[in-house]
Amino acid sequence: MSDEVATNGTQERATGTETVKAGLARMLKGGVIMDVVDADQARIAEDAGACAVMALERIPAEIRKAGGVARMSDPEMIVGIQEAVSIPVMAKCRIGHHAEAQVLQALEIDYIDESEVLTPADEASHVDKRAFTVPFVCGATDLGEALRRIVEGAAMIRTKGEAGTGNVVEAVRHMKTITQGIRRVVSATAEERFAIAKEMAAPLDLVEWVGANGRLPVVNFSAGGIATPADAALMMYLGAEGVFVGSGIFLSEDPPARARAIVEATTHWDDPAVVARVSRGLREAMPGIEIGDLGDSGLLQTRGW
Amino acid sequence: MLAVQGAVSEHEAALADVGARTRRVRAPGDLDGLDGLVIPGGESTTFGLVAGESGLLPAVRGRIDAGMPVLGTCAGMIMLADGIAGGGPQPLVGGMDIVVRRNAFGRQVHSFEADVEVPALGAPPMRGIFIRAPWIEAAGPSIEVLAEHGGHPVAARDATRIVAAFHPELTGDRRLHRMFVERVRASAGAQHKEGSVVGAQ
């Protein structure tokens, strides 16, 4: 969080510090993190310019279709992906599942996503992420939720969107809600910030930090429903510092071309000529789902507390 | 600032602290009129692919060969190296007589911070933030090693390039950025005369 890092007079290595954990997210900025289910897809993602991959057994759209309880992926499959690529490999644990997170740390995964896409293991608490050497990314739908995750130790935030739908509308809603929350805190008086902290159920010191700095203390990506290069450019326009693309790539008709195009559109989001060029001839995007058709019980974004 | 991907705003803040004006570079044309370039940390494979698409890599190389000073941290150091040890081929800017090893210290769980003595900068040591960091495996005669950690060179320079495996832009220590900007100033002063566009002032 702080930009000041003190020397301690020793060449001894300190691992898992806040700077080291949040620092990797800083290196991912402006990039695309892609969901992959095997080593072949991981190589396609790396060759397309992904800045990291998310290893999971089933992409969110398939998890939706399959129903039942969605859990951490098989370590065998995660290791296969780690061996296939040189870029960072992330993996998901269930909300509040400390032991799954420990397994992922033992596998030396580069980032753990404590994710609403999997079935929550705890309906009251999230993992105490401060206790881990490996950094965590967590989903958020508004500023209060983002700050609750950060105080628990999340070193990166992603807006949740609605995973597996190919519908960007929820990603837009969550990104705008967070930036509106930030603007509100910035313009609030010191007295009002006490009330905002209470209302948002967020720690006062983090609310004050946001007020003083006008941004989240960690990197904020967008996720959940991004299916086209223009979707990625839209999220960058709205202030995302990078994007996660889950089902959008490998459920489309031409994954390598679409993956490459989304990477280009994320870098060149403010150059419409580039976004137009890379969007040509990509064949069909993934089939989309209208959010209203999911019903309240079909929403993943409401998981997390 | 090479702004294909990575920790761009952190370097911009560091450069502003030492009095430099910056511009983001995403295409070859963006290099026009610049007196220095910073290649930030990020994913070197992403840099290579996205910058390769627009012809930016040879354009950057051409400017450096013509004497433009450049600073590369982490992935930026990889991009400037002539070779990568133990890895497959990937597009690079190249030109610096070093061979680097990517992810040399291991995966993120082994990323760390530690004090790094940089004799050219004097005391105190820099706080080195190493994130899935590379190290320099071999360096040619044109290379001056600026710092080592764990028996491997982790910062170096030649006539135009300054590289570090760690991330000074993530700390408040601006000494390496100042070293770079002083070079930019000297080189711009030599190339242009009074009144021309300079990237640092």
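Basis of the calculations
Residues numbered from 1 in each chain as written. Chains lettered and ligands numbered in written order. Predicted model: local features only at pLDDT ≥ 70, side-chain atom pairs only at ≥ 80, totals over all residues. Heavy atoms only, no water. Helix = DSSP H or I, 4+ residues; strand = E, 2+ residues; numbered from the N terminus. Rg over C-alpha atoms; globule rule 2.2 N^0.38 Å. Buried < 20%, exposed > 50% of the residue type's maximum accessible area, 1.4 Å probe, protein only. Areas by Shrake-Rupley, 256 points an atom, 1.4 Å probe, with all protein chains shown as cover. Lys, Arg positive; Asp, Glu negative; His and termini not counted. Charge placed at Lys NZ, Arg CZ, Asp CG, Glu CD. Pairing = 2+ DSSP bridges. Axes fitted to C-alpha atoms, helices over the stretch in contact; angles between N-to-C directions. Contact = heavy atoms within 4.5 Å. Buried area = accessible area lost by both parts, 1.4 Å probe. Salt bridge = Lys/Arg side-chain N within 4 Å of Asp/Glu carboxyl O. Nonpolar A, V, L, I, M, F, W, Y, C, P; charged D, E, K, R; others polar. Left-handed = near helix turned anticlockwise from the far one by under 90°.

Draft legend 1. Just the overall build of chain A, in detail. What chain A contains, in helices and strands, is 13 helices and 9 strands. Against the compact-globule benchmark of 19 Å for 305 residues, chain A has a radius of gyration of 19 Å, which places it among compact chains. Oriented by its inertia axes, the alpha-carbon framework of chain A measures out at about 55 × 40 × 40 Å. Here chain A holds 305 residues, and 60% of them are scored as buried. Approximately 11800 Å² of chain A is accessible, and the part contributed by carbon and sulfur atoms is 49%. Averaging the coordinates of the 30 positive side-chain charges in chain A and doing the same for the 44 negative ones gives two points 3 Å apart.

Draft legend 2. Looking closely at the sheet that holds strand β2 (residues 70-73) of chain B. All names here are of chain B. Read across the open sheet, the 5 strands follow the order β1-β2-β10-β9-β8; overall the sheet is mixed. Here the strands that pair on one side only, and so sit at the sheet edges, are β1 (37-39) and β8 (144-149). If you compare each strand with its neighbour and ignore which way they point, the axes differ by 20° on average. Where β1 meets β2, 3 bridges bridge the pair, whose relative direction is parallel. Bridge pairing links V38 to L71 in β2.

Draft legend 3. Inspection of the environment of A:A233 at higher detail. Residues and elements named next belong to chain A. Assignment of secondary structure puts A233 in helix α10 (residues 229-237). For A233, a relative accessible area of 8% corresponds to the buried category. Expressed as a C-alpha distance, the spacing of A233 and K65, which sit 168 residues apart in the sequence, is 28 Å. Ignoring anything within four residues of it in the chain, the contact list for A233 reads A265, W269 and V275.

Draft legend 4. Quick peek at the interface of chain B and chain A. Taken together, the 42 residues of chain B in the interface contact 48 residues of chain A. Between chain B and chain A, the buried area comes to about 3700 Å², and carbon and sulfur atoms account for 52% of it. Contact with chain A buries surface across chain B, with B:R107, B:Q108 and B:V109 losing the most and accounting together for 17% of the total. Where chain B meets chain A, there are 6 salt bridges. For A:R277, the salt bridge goes to B:E53, with nearest N and O atoms at 3.6 Å. When residues of the side of chain B that touches chain A are traced back to their parent elements, those giving at least two are α1 (8-17), α2 (44-53), β5 (112-116) and β6 (126-130) of chain B. Grouping the amino acids of the side of chain B that touches chain A by side-chain chemistry returns 14 nonpolar, 16 polar and 12 charged. Relative to β5(B), strand β1 (residues 14-15) of chain A is paired through 2 bridges, and the arrangement is antiparallel. Bridge pairing links A:A14 to B:E113 in β5(B).

Draft legend 5. Representation of the packing of helix α6 (residues 143-151) of chain A against helix α9 (residues 204-213) of chain A in the model. Residue and element names in this part refer to chain A. It is the contact of α6 with α9, at a shortest axis distance of 10 Å, that shows an interaxial angle of 115°. In this structure, α6 meets α9 at a crossing whose hand is right-handed. Only L206, V207 and V210 of α9 make contact with α6, whose side of the interface consists of L143, L147, I150 and V151. For the contact of α6 with α9, the per-class residue count stands at 7 nonpolar, no polar and no charged.

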